[in-house]
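# Coordinate analysis (summary)
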Amino acid sequence: MKTHVIAVNYLNTTPFIHGLKNAGVLRGMQLELAMPSVCAQRLISGEKDAGLMPTGALKELSSFSIVSNLCVGADGAVDTVKLYSHSPIERIQKVYLDYQSRTSVELLKLLMQKHWKKN
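The present account deals with the structure reproduced in this document. Since the model is a prediction, treat every value here as computed from it, not as a measurement. Residues take numbers from 1 onward in each chain, read along the sequence in its written order. With pLDDT at 70 or above as the cut-off, local features in this predicted model cover only qualifying residues; side-chain atom pairs require 80 or more to be listed or tallied, and sums for whole chains, interfaces and linings still use all residues. Calculated side-chain values reflect all of the structure's heavy atoms, with hydrogen atoms and water omitted.

Turning our attention to the sheet that holds strand β2 (residues 29-34). Strand order in the open sheet formed by three strands is β2-β1-β3, with parallel pairing between adjacent strands. Whereas interior strands pair on both sides, the edge strands pair on one side only; in this sheet they are β2 and β3 (50-51). When DSSP finds two or more bridges between two strands, those strands count as paired. Strands are runs of DSSP state E lasting at least two residues, helices are runs of H or I lasting at least four, and both sets are numbered from the N terminus onward. Note that strand β1 (residues 3-8) and β2 share six bridges and pair parallel. Bridge pairing links T3 to M29 in β2. Contacts between helix α2 (residues 36-44) and the sheet are confined to β1, β2 and β3, with β1 contributing the most and set at about 150° to the helix. Contacts are residue-level and defined by heavy atoms, with any inter-residue pair within 4.5 Å sufficient. Helix axes use the C-alpha atoms of the stretch in contact, all axes being lines fitted to C-alpha atoms, and the angles between their N-to-C directions lie in the range 0 to 180 degrees.

See below:
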């Protein structure tokens, strides 16, 4: 029986997937690639056994185990979360979020609350 694994289908996961394929790890696995929110939903529902989990969705799991010290990350500043507006931050009352990335949503919430002091 194969382990059902899911991973994000973004460019930044390409080295991770390449490593899995070349190390022969995928022989006992069925790998699916999807957008981050789908990865999270399928892990939370139990549809998948393991995956490259978006950190923004970890709080929705009742329990989890970290099975590797590998990650998709950065050492230094990253410009992956942006808020664009024609109005100054003080006048913003509503923000529409990208449903594809829970991590980006959580990061934007932190910026709004901690940096700009807005709910």
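It is worth spelling out the nonpolar core at this point. We define a nonpolar core as any set of buried Ala, Val, Leu, Ile, Met, Phe, Trp, Tyr and Cys residues linked to one another through side-chain atoms lying within 4.5 Å. Between buried and exposed lies partly exposed: a residue is buried under 20% and exposed over 50% of the maximum accessible area for its type, with that area taken using a 1.4 Å probe on protein chains only. Of all hydrophobic cores here, the largest spans nine residues; its members are I6, V8, A34, C39, A40, L43, M53, A57 and L61. Put simply, the parts of the chain that give this core at least two residues each are β1 and α2. Counting residues in hydrophobic clusters, the runner-up holds five residues, among them A7, I17, L20 and L52.

Along the chain, K59 turns up in the loop between β3 and α3 (102-115). In sequence terms K59 and T103 are 44 residues apart; their C-alpha atoms lie 11 Å from each other.

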